[in-house]
Amino acid sequence: ASGQELLDRSWRRRLDYALLAIVAAFLGLLNAFAMTPPVYELQARLAALLNTRSEFLILTLLFLAGVIVLPLLASWGAASLNRAVVVAPQRPRRRDYVIRYAYGFVPVGFAIWTAHYLFHFLIGPLTIVPALQGFFADVVGVPLLGAPNWTIAMQATMPLPAIRIIQMVALAVGLWFGGRVIWRAAQEESQGNPLREALPWLILLLFLTLAAVYIFLQPMEMRGNVLG
């Protein structure tokens, strides 16, 4: 309970698992951001800066920055702050701090992914009907379900404000459990003040959550080709 599995010492001492937990959370954020209008403006600015019209190149750079560079820099910075405040003769390595606190990102990352896909499901749950109609008619060649009727997709659409509330609740729950995982790790393993050691990681979780709130308040759309 309360994230006990995330504190299980039988597997949580591996750096690759720890980094995977952090990267997965940032990937969820980037995945949602890639479907909002601000990303198109960012792509256009990068394209102008690099004098390129290759969307593949721009998306690759955004992916590397958002999923590799940013999480690595953030975790390295938090671990560096941890080492800076430790007065013990032998300070833990940065990787030790990353491994210690990375699993707090699991609930937050799960909440981000859940909030994102809940939007797509709740905004048009009956989209599956015309999609299946089109599959049988166009792909199989046997219109078993009749011609695709896309008006069905709009009949059970949940109001957008209600969807936003559900998304915010999911993010709040993820932040709560992620914070508890980090706080418990600090209480059990910190060499000094648990709050001072946990604070950089709690701030990172808060940053991710607030960034997700901003993204989910943006109009969500399918990806297009912004560079023409």
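Now for a look at the structure at hand. (Residues numbered from 1 in each chain as written. Predicted model: local features only at pLDDT ≥ 70, side-chain atom pairs only at ≥ 80, totals over all residues. Heavy atoms only, no water.)

Some points on the packing of helix α1 (residues 15-33) against helix α5 (residues 105-123)
Packed helices, taken two at a time, are described by their axes: the angle between them and the distance between them.
Then comes step 1: Packing of α1 against α5 leaves a shortest axis separation of 8 Å and a crossing angle of 25 degrees. Taken together, the axis directions place α1 and α5 in an arrangement best described as roughly parallel. In this structure, α1 meets α5 at a crossing whose hand is left-handed. Taken together, the residues of α5 that come into contact with α1 (itself represented by Ala21, Ile22, Ala24, Ala25, Phe26, Leu27, Gly28, Leu29, Asn31 and Ala32) are Phe105, Val106, Gly109, Ile112, Trp113, His116 and Tyr117. (Axes fitted to C-alpha atoms, helices over the stretch in contact; angles between N-to-C directions. Helix = DSSP H or I, 4+ residues; strand = E, 2+ residues; numbered from the N terminus. Parallel < 35°, antiparallel > 145°, perpendicular 65-115°, else oblique. Left-handed = near helix turned anticlockwise from the far one by under 90°. Contact = heavy atoms within 4.5 Å.)

Some thoughts on α5
Then comes step 1: Between its first and last C-alpha, α5 extends 27 Å over 19 residues, near the 27 Å set by a 1.5 Å rise per residue.
Then comes step 2: Listing the buried residues of α5 in full gives Phe105, Pro107, Val108, Gly109, Ala111, Ile112, Ala115, His116, Phe119 and Leu122.
Then comes step 3: Considering only its buried residues, α5 is in contact with α1, α4 (94-101), α7 (160-189) and α8 (194-216). (Expected span 1.5 Å × (residues − 1). Buried < 20%, exposed > 50% of the residue type's maximum accessible area, 1.4 Å probe, protein only.)

Describing the environment of leucine 62
Then comes step 1: Along the chain, the position of leucine 62 falls in helix α3 (residues 55-85).
Then comes step 2: Its relative accessible area of 13% is what places leucine 62 among the buried residues.
Then comes step 3: Expressed as a C-alpha distance, the spacing of leucine 62 and alanine 34, which sit 28 residues apart in the sequence, is 9.3 Å.

Regarding a nonpolar patch on the surface
Then comes step 1: A cluster of nonpolar residues, Leu49, Leu50, Leu57, Leu61, Phe63, Leu64, Ile68, Val69, Leu72 and Leu73, forms a patch on the protein surface that exposes about 870 Å² of accessible area.
Then comes step 2: Going through the elements one at a time, α2 (37-50) and α3 are the ones with two or more residues in the nonpolar patch.
Then comes step 3: Considering each element in turn, the nonpolar patch owes the most residues, eight residues, to α3.
Then comes step 4: On the secondary structure map, leucine 57 appears in helix α3.
Then comes step 5: For leucine 57, a relative accessible area of 36% puts it in the partly exposed group. (Patch = residues over 30% accessible without salt bridge, like charges linked within 9 Å, V, L, I, M, F, W, Y side chains within 5 Å. Areas by Shrake-Rupley, 256 points an atom, 1.4 Å probe, with all protein chains shown as cover. Salt bridge = Lys/Arg side-chain N within 4 Å of Asp/Glu carboxyl O.)

Notes on the packing of α1 against α8
Then comes step 1: At their nearest, the axes of α1 and α8 sit 9 Å apart, and the two run at 20 degrees to each other. Here α1 is positioned roughly parallel relative to α8, judged by the angle of their axes. Along this stretch, α1 crosses α8, giving a crossing that reads as left-handed. Contact with α1, carried on its side by Ile22, Ala25, Phe26, Leu29, Ala32 and Phe33, involves Trp201, Leu208, Ala211, Ala212, Ile215 and Phe216 of α8 and no other residues of that element.
Then comes step 2: For the contact of α1 with α8, a count of residues per class yields twelve nonpolar, no polar and no charged. (Nonpolar A, V, L, I, M, F, W, Y, C, P; charged D, E, K, R; others polar.)

All we've got here are geometric facts, nothing functional implied.
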